[in-house]
Amino acid sequence: MSTVYTAINNAEQSRKREFLNGASATFPLLVGAAPFGIIFGTLAEPNGLSALGAILMSLIVFAGASQFIALGLLAAGASIPIIIATTFIVNFRHILYSANLVSKVKHLPHYWRAIMAFGLTDETFAAVNNRYLQQGNLTRAHWFYLGSFLAMYSNWVLCTYIGLTLGNIFPQMQDWGLDFAMSVTFIGMVIPYLKNRPVIVAVLVSAILAIVSHDLPHKLGLLLASFAGISVGISLLMIKNRSSKVGESK
Amino acid sequence: MNESFLIGGMFAVTFSVRYLLFAMAGKIHFPSWLNKALEFVPPVVLMAIIAPSITMPKGELWLSPLNPWLLASLVAVITALIRKDLLTTIVVGMLAFAGLRFGIGL
């Protein structure tokens, strides 16, 4: 009886530990996401989205890049179906993230998978990916995911609210360049991956194509650059593996 | 009313994309080359977002040592290579950007 009790107690503790580790691993990313959430809030009303609409968008859609693009399109007078179609294209990259995580969620019940899907962002994916790359017991790693997601989510909604308030006090805030916070966060996330030539070339191809195709409609350039970078990377990796096999057989 | 359609529609497409493969997990199996290709996803996708935002911050290509977005990014890259700590990289990069833009006035 007492061993059963201890086992339950341990399970609960390790869930709590995973949850807190997930939140704290995400902390640096919150620092970068906060200014981004704040400018989303400041930009909402000048671009034609009501304060309530901005908060609801952060609560319900929870997708930074596409929320920004939606504001830009609203200001440009784009129709709602066009904005929704653009959101689809911009967020299509999440299918690549979820494909990467499929093998880690397949044992979980569907309500867990739905919560994790809702919380899938660039930042949480990066934090969780590092967790899954570690060795050790991964049976409760979904609590790590939940900790990361809730940290990002509460930060995003809170910063939207702060931005709405600050935007009324400092209307010129949108020119401060706070969007750089997101770029610098993503730079910090990319550098640790650059460990071998296929990845470095893949990233360079992606960068160049993203710049060249920036003017394509609906932000299609993001997808084009991503697929091109991944294709080049996997091709180089296969060539590298093949030539090392040939080398071994001699 | 219009905003409800907008937010509802954005939620529907965003959540479907995020949930589709999770819903099918366990029923699908990826070939090994595809799993290897997916390992390139994080850096490649992030770079596709970063590159235009720092080289064309005002909409047009601006490759110049006077572009504070580009200069501060360089500082961030160097910091990331030396310190290997995300929080340090973000803070130093943002300070560099603030210094260049509001200190020097680039």
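Refer to the structure presented above.
This section reports on the structure supplied with the text. Quantities reported herein were computed from a predicted structural model and do not represent experimental measurements.

1. Quick word on the overall build of chain B
Counting its secondary structure elements, chain B contains five helices and zero strands. Along its sequence from the N terminus, chain B presents helices and strands in the succession α-α-α-α-α. Taken against the 2.2 N^0.38 rule, which gives 13 Å for 106 residues, the C-alpha radius of gyration of chain B at 20 Å runs more than 25% over that of a compact globule. For the C-alpha atoms alone, the extent of chain B along its principal axes is close to 55 × 45 × 25 Å. Split by element, the accessible area of chain B, about 5,400 Å² in all, is 71% carbon and sulfur. For chain B, the separation between the mean place of its 7 positive charges and that of its 4 negative charges on side chains is 7 Å.

2. A closer look at the overall build of chain A
Assigned secondary structure in chain A consists of 11 helices and zero strands. In chain A, the succession of helices and strands from N to C terminus is α-α-α-α-α-α-α-α-α-α-α. Per-residue burial for chain A yields a buried fraction of 51% across its 250 residues. Across chain A, every contact between residues at least 6 apart in sequence was considered, and the portion connecting residues at least 24 apart equals 78%. When the accessible surface of chain A is totalled, it reaches about 11,600 Å², and 67% of it is carbon and sulfur. Side chains of chain A carry 16 positive and 9 negative charges; the gap between the two charge centres is 18 Å.

3. Overview of helix 6 (residues 110-118) of chain A
By the burial criterion, the buried members of helix 6 of chain A are Trp112, Arg113, Met116, Ala117 and Phe118 of chain A. Considering only its buried residues, helix 6 of chain A is in contact with helix 2 (51-60), helix 5 (93-105), helix 7 (122-133) and helix 8 (141-169) of chain A together with helix 1 (2-24) of chain B.

Analysis parameters
Residues numbered from 1 in each chain as written. Chains lettered and ligands numbered in written order. Predicted model: local features only at pLDDT ≥ 70, side-chain atom pairs only at ≥ 80, totals over all residues. Heavy atoms only, no water. Helix = DSSP H or I, 4+ residues; strand = E, 2+ residues; numbered from the N terminus. Rg over C-alpha atoms; globule rule 2.2 N^0.38 Å. Areas by Shrake-Rupley, 256 points an atom, 1.4 Å probe, with all protein chains shown as cover. Lys, Arg positive; Asp, Glu negative; His and termini not counted. Charge placed at Lys NZ, Arg CZ, Asp CG, Glu CD. Buried < 20%, exposed > 50% of the residue type's maximum accessible area, 1.4 Å probe, protein only. Contact = heavy atoms within 4.5 Å.

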